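# Fold and contact review
Below, each chain spelled out in residue letters.
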Amino acid sequence: MHQLSGTDNVMLIGERRNIYNHVASLIIYDVTTAPGGKVRFRDILQHYEQRLYLHPVFRRRLVTVPLNLDRPYWVTETDIDVEYHIRHIALPKPGDWRQLMIQVARLHSRPLDRSRPLWEAYVIEGLDNIPKLPPGAFAIFLKIHHAIVDGMAAVHLTRQLHEATPEPVAVTEPSAVVVGDREPSRYEFISRGLANQVERTTKVLRMSGAIAGRMLEFGLEQLPKVAGGDITGLTSKLSGALPPAAPHTRFSEAITTNRVVEGFGMPISRIKRIRAKVPGSTLNDVFVAVAGGAARKYLLGKRELPDESLLGLMPISLRSDGASGGNHVAGFPVRVRSDIADPIERLQAVHVEARTSKDQAEAMGLDTLMNLLDVMPPFAAHALFNRLLVSRINMTVSNVRGPDEAMYLAGAKAMCMYPVSIPVDGCGLNFTGVSYNGVMWISMVSCRSMVPDPGVMLDCMRGAWEELLAAADALPAPGGHAPAGAQPGRKAGAKAGKKPRASSKRKSTGTRKARSGPAAGASTEVKPGAARPRRKAGAAAPGKRPATRGKRRPARAT
């Protein structure tokens, strides 16, 4: 039996009728690599059954303490109804990308059954009209509660569910022995709860000394009050060290129960091209700059873009591997620089913002919030989390490094891997990325009332990526000259707080008809969802004006 940490418990108590805190992945498979060139549903069931012992997530069931006197526990089940957890569905004809996204959004809008282990998998067939997919391709949409896994733990779980080759791998039976837990009695739960409260009070005193140097300027005197559930003084002190509250946008409202999902892929090789032209930039900087650019385009198209930049919550892992499960993460607000039109300037500004925000968070101690949540009463922990983070952001920007090599399930090769995450009240837009097999796969998740046109948002995501790639290619190599024949980008005309006139008239802000399919915008390499081949720098699409004008100054890395 294993008790939830304070951070894990926040994921549970944060659920409402309109907020379900489960994360998911959508993986599309190529059956041509499987023995015989096909995969049956029973093959998938057998594959899962042989691997359910590899990670405790599959067998852990939630047990609550009477009267909520303490945090809940996970108990291990010995018998799992695999056919309940793994379901088989198919898209109606024609089976295109839009239908797949609608189906995924519907599945993501439903809560998990807390009386069973908190995971479900859906095998989705009928992907007959999605470009670049081979005949017979299928998808698996796997939902897991965020109380069980964070991003890195989810990637670890994904690795365990797959093999490195399409050939069948023998499973070692002795390792498959699972010992179940006995569920404690009501009296045992209450006794444990009282003992844990005493232990947490002691932890508060120890934590006061351990983090005194980091917390002194933020109000060390507040820690004893936190133990009693009073967080008013602490949030006041900590709020002064955080960026200002985010500007109000359509994503700042309460969300509904209905989700929308979209995604595409950015080849890592092209991300490296951008980084080579903008020295000092990181893969995460490119991801955040594209997310900020997409949000900018979408809000600009709605005539709702605020003068100041949107703020995103950037999670950061505090673990070296994800084998243990649970949540070991920190997070800090970062400006995504949606107030800057020029893609290169936005990337450079994001690099500075991310580095500055991380330095501030490290000065406080990246694990400070996680430690506070672990010793505080649950209701106070949830309030602290919302006041310090959720109330100060517009969106979430999170990316995780996934497997670099190809993976196989029942012999079928995983072609692409879209992460599907969580929007919440006040932060209704989520961009999550995961790298897999040479591509960073990015998904957008929101509420249908906030993004009623997800295809337009997908165009904004692609447009932000393509503009950044084209602008970087037009730059001279560091210490060199501009490529022959390349047309330099226009001079950056966007200062913080100002909307460039040229950008406000661009049709790429969301007036184009959305392309469909994971291969919509796919590269010439057959990788579903990856961005389409770029046009030569300075070249416009048929019937469209060039996206940039004038000359660009060579950008310097910040």
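Just so it is clear, the structure is predicted and the values come from calculations on it, not from any experiment.

So, on to the pattern of salt bridges. Tallying each qualifying case throughout the model produces 18 salt bridges. E405 serves as the salt-bridge partner of R159, at 3.2 Å between the closest nitrogen and oxygen. Here E405 lies in the loop between β11 (395–401) and β12 (408–409) and R159 lies in helix α5 (residues 151–161), a separation of 246 residues in the sequence. Using a relative accessible area of 37% as the deciding quantity, one classes R159 as partly exposed. Since its relative accessible area comes to 38%, E405 is described here as partly exposed. Between R337 and E353 there is a salt bridge, with the nearest N and O atoms lying 3.1 Å from each other. You can see R337 sitting in the loop between β10 (329–335) and α12 (343–364) and its partner E353 sitting in helix α12, a full 16 residues away along the chain. A single burial state applies to R337 and to E353, both of which are buried. Bridged by salt links that share partners, the residues R335, R337, D339 and E353 form one connected network.

With 8 of 9 residues buried, strand β13 (residues 412–420) is to be regarded as a mostly interior element. Examined bridge by bridge, strand β2 (residues 22–30) and β13 share 7 bridges and lie antiparallel to one another. By the bridge assignment, L26 is partnered in β13 with Y418. Linking two consecutive strands that pair antiparallel, namely β12 and β13, is a turn of 2 residues; a positive phi of about 55 degrees is found at A410 within it.

Moving on, we get to unusual backbone geometry. Looking along the chain, the bond that leaves K93 and enters P94 is cis, with omega of 10 degrees. With respect to the helices and strands, the residue P94 is situated in the loop between β5 (86–90) and α4 (97–108). Of note, the phi angle at A410 is positive, near 55 degrees, even though the residue is not glycine. With respect to the helices and strands, A410 occurs in the loop between β12 and β13. Non-glycine residue N437 carries a positive phi angle of around 50 degrees. Tracing the sequence through the fold places N437 in the loop between β14 (429–436) and β15 (439–447). Assessed through its relative accessible area of 22%, N437 is described here as partly exposed.

About the criteria used
Residues numbered from 1 in each chain as written. Predicted model: local features only at pLDDT ≥ 70, side-chain atom pairs only at ≥ 80, totals over all residues. Heavy atoms only, no water. Salt bridge = Lys/Arg side-chain N within 4 Å of Asp/Glu carboxyl O. Helix = DSSP H or I, 4+ residues; strand = E, 2+ residues; numbered from the N terminus. Buried < 20%, exposed > 50% of the residue type's maximum accessible area, 1.4 Å probe, protein only. Pairing = 2+ DSSP bridges.

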